[in-house]
Amino acid sequence: MSTLNVQGIVKYFGEAVALDHVSFTLTQDDFFVLTGPSNSGKSTMLHTLNGRELPDEGSIVLNNTDITFNSPSERNVALVSQTYGLASQLSVYDNIAQALHARRLSKKAIKQHVQSALEMLELTHVQKTPLHNLSGGELQRVAIARAMVRNVDLYLFDSPLSQIDPHTRARIQDALHALHRLKLAICISVTPDPFEAFSLGNWVAIIKQGKIQQIGKPHEIIEHPANLFVAQFISQPPLNQLEALIATTDTGYQLQTDGLTIALSSHWRPIIEQLEPHTHLIIGIRPKIIILEWALITSNTSTWIKLTAYILSIDLLMGKRTIQLRIGSQTILTADVKDIHQSALQPGKTITIGIDPAQIYLFHPQTQELLKAKKA
Ligand SMILES: Nc1ncnc2c1ncn2[C@@H]1O[C@H](COP(=O)(O)OP(=O)(O)OP(=O)(O)O)[C@@H](O)[C@H]1O
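Residues numbered from 1 in each chain as written. Predicted model: local features only at pLDDT ≥ 70, side-chain atom pairs only at ≥ 80, totals over all residues.

In the annotation of an unreviewed UniProt entry, the protein chain is listed under the name ABC transporter ATP-binding protein and assigned to Dictyobacter arantiisoli.

Here you go:
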């Protein structure tokens, strides 16, 4: 069983910290994806794993061997990147075959390996083309094919789906999963796109300013983001964020903000009692949990919050249709729109919306960590 144990990696560039005590443990069953915004340390982590950068603190143990300070050639690790290790004047075929030279195979065996990688990545038709004549997406696939013909202990991918059109994307993703299964090796990918991370990886970490914010299975992160940063980073359209005052009622507590009141069950008491008096909690409402009038009929919504909302606009944001709603006097919420054909969906009209309170996130006002009610 392949294993990778990364412990307490710290990497400085001058005074600035690019990786801040990064730790994770993986086995060959893991396709691990590290995602975060620009400059969060993703590439530095990949380069520390492949040996292009050496850490200032921490250790990297691959299959029980400490490789922390080994040079790239001393570790059996493949870095797959559109710009790394490819020869632009050589053909697609020769670039892939080159990766097999060290294995001293017969010409026939090399041909078999290369042909099967070409087929898997749908590159057969461009096998004789020099790389400088290829598109970004084709280059990306050549880089993956090169990795596929090698036998290494650890595969590293730098944004492998970033230049690939949506039609080809699913097939390349299948090819990456096939590589993972066939090679029985640990795969790690980095990407700035959390949706790519969730569809590619079975184990995902979110990184911000060199610090891992959360690590877990995609559904765990989506359902229980560790903090406000993670919730914002993985929400598209952006998370609706409101501040609410905590009020005491006869039966417990409620959160109050312009246009919205949320009753909190007694399970929240221990959490609320630890907060300073008169603090505001941060409420996070994902656009997709706001359900519009006509869809409310189909679900059991007896415990839901029902609100009257004024439609401000209907917009197209990154290919998704969204609706801007006003509740109360000035609170604006963004909701996903699934059915654009409803005649009531027009700016200036008023509709009823429903929100399941169990799906609303509450964050600590200072630490910004997700708050969870104590189970009875
Ligand atoms: N060789 C270097 N010299 C100096 N600073 C560097 C170097 N490489 C990275 N950095 C800095 O380290 C931090 C992390 O950079 P890194 O490239 O790892 O981020 P990233 O998450 O991969 O970003 P992106 O998604 O934009 O590629 C940044 O502040 C960056 O400026």
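> Help me get a handle on the packing of helix H4 (residues 136-148) against helix H5 (residues 166-183), residues and values and all.
Axis separation between H4 and H5 bottoms out at 11 Å; the angle between their running directions is 15 degrees. When the axes of H4 and H5 are compared, the pair comes out roughly parallel. Relative to H5, the crossing made by H4 is left-handed. On H5, the residues touching Gly137, Arg141, Ile144 and Met148 of H4 are Thr168, Ile172, Ala175, Leu176 and Leu179. (Axes fitted to C-alpha atoms, helices over the stretch in contact; angles between N-to-C directions. Helix = DSSP H or I, 4+ residues; strand = E, 2+ residues; numbered from the N terminus. Parallel < 35°, antiparallel > 145°, perpendicular 65-115°, else oblique. Left-handed = near helix turned anticlockwise from the far one by under 90°. Contact = placed C-beta atoms within 7 Å.)

> Explain the sheet that holds strand S5 (residues 65-66) to me, using residue names and the numbers behind them.
In space, the 4 strands of this open sheet follow the order S2-S1-S4-S5, with antiparallel pairing throughout. If you trace the sheet from one side to the other, it starts and ends with strand S2 (16-27) and S5, each paired once. Taken together, the 5 bridges between strand S1 (residues 3-13) and strand S4 (residues 57-62) define a ladder with antiparallel strand orientation. Note that in S4 the partner of Leu4 across the bridge is Leu62. Contacting S1, S2 and S4, helix H1 (residues 42-50) runs over the sheet at an angle of about 60 degrees to S2. (Pairing = 2+ DSSP bridges.)

> Provide a residue-level description of the pairing of strand S17 (residues 320-327), including the pertinent values.
As defined by bridge partners, S17 adjoins strand S18 (residues 331-336) across 6 bridges and the pair is classed as antiparallel. When the sheet's bridge partners are listed, Ile323 is paired in S18 with Ala335.

> Can you tell me about the site of the ligand, naming the residues and giving the values?
The full set of residues close to the ligand is Phe13, Ala16, Ala18, Gly36, Ser38, Asn39, Ser40, Gly41, Lys42, Ser43, Thr44 and Pro192. Looking at the shell around the ligand, the elements that each hand over two or more residues are S2 and H1. With 3 residues, H1 is the single largest residue contributor to the shell around the ligand. Each residue belonging to the shell around the ligand can be placed in one class, and the counts come to 4 nonpolar, 7 polar and 1 charged. (Near = placed C-beta within 6 Å. Nonpolar A, V, L, I, M, F, W, Y, C, P; charged D, E, K, R; others polar.)

> Can you break down the nonpolar core residue by residue, with the values?
Counting residues in hydrophobic clusters, the biggest one holds 76 residues, and the most contacted among them are Ile96, Ile144 and Leu156. Broken down by element, the residue count for this core peaks at 7 residues, all from H4. The two domains that each donate at least three residues to this core are domain 1 (3-224) and domain 2 (240-363). Filtering out sequence-adjacent residues up to four positions away, Ile144 remains in contact with Val80, Leu121, Pro160, Ile172, Ala175 and Leu176. Counting 11 residues, the second-largest nonpolar core is a separate cluster that includes Ile285, Ile291, Leu325 and Leu333. (Core = buried A, V, L, I, M, F, W, Y, C linked by C-beta atoms within 7 Å. Buried ≥ 20, exposed ≤ 12 C-beta atoms within 10 Å, placed from the backbone. Domains from an automatic or database assignment.)

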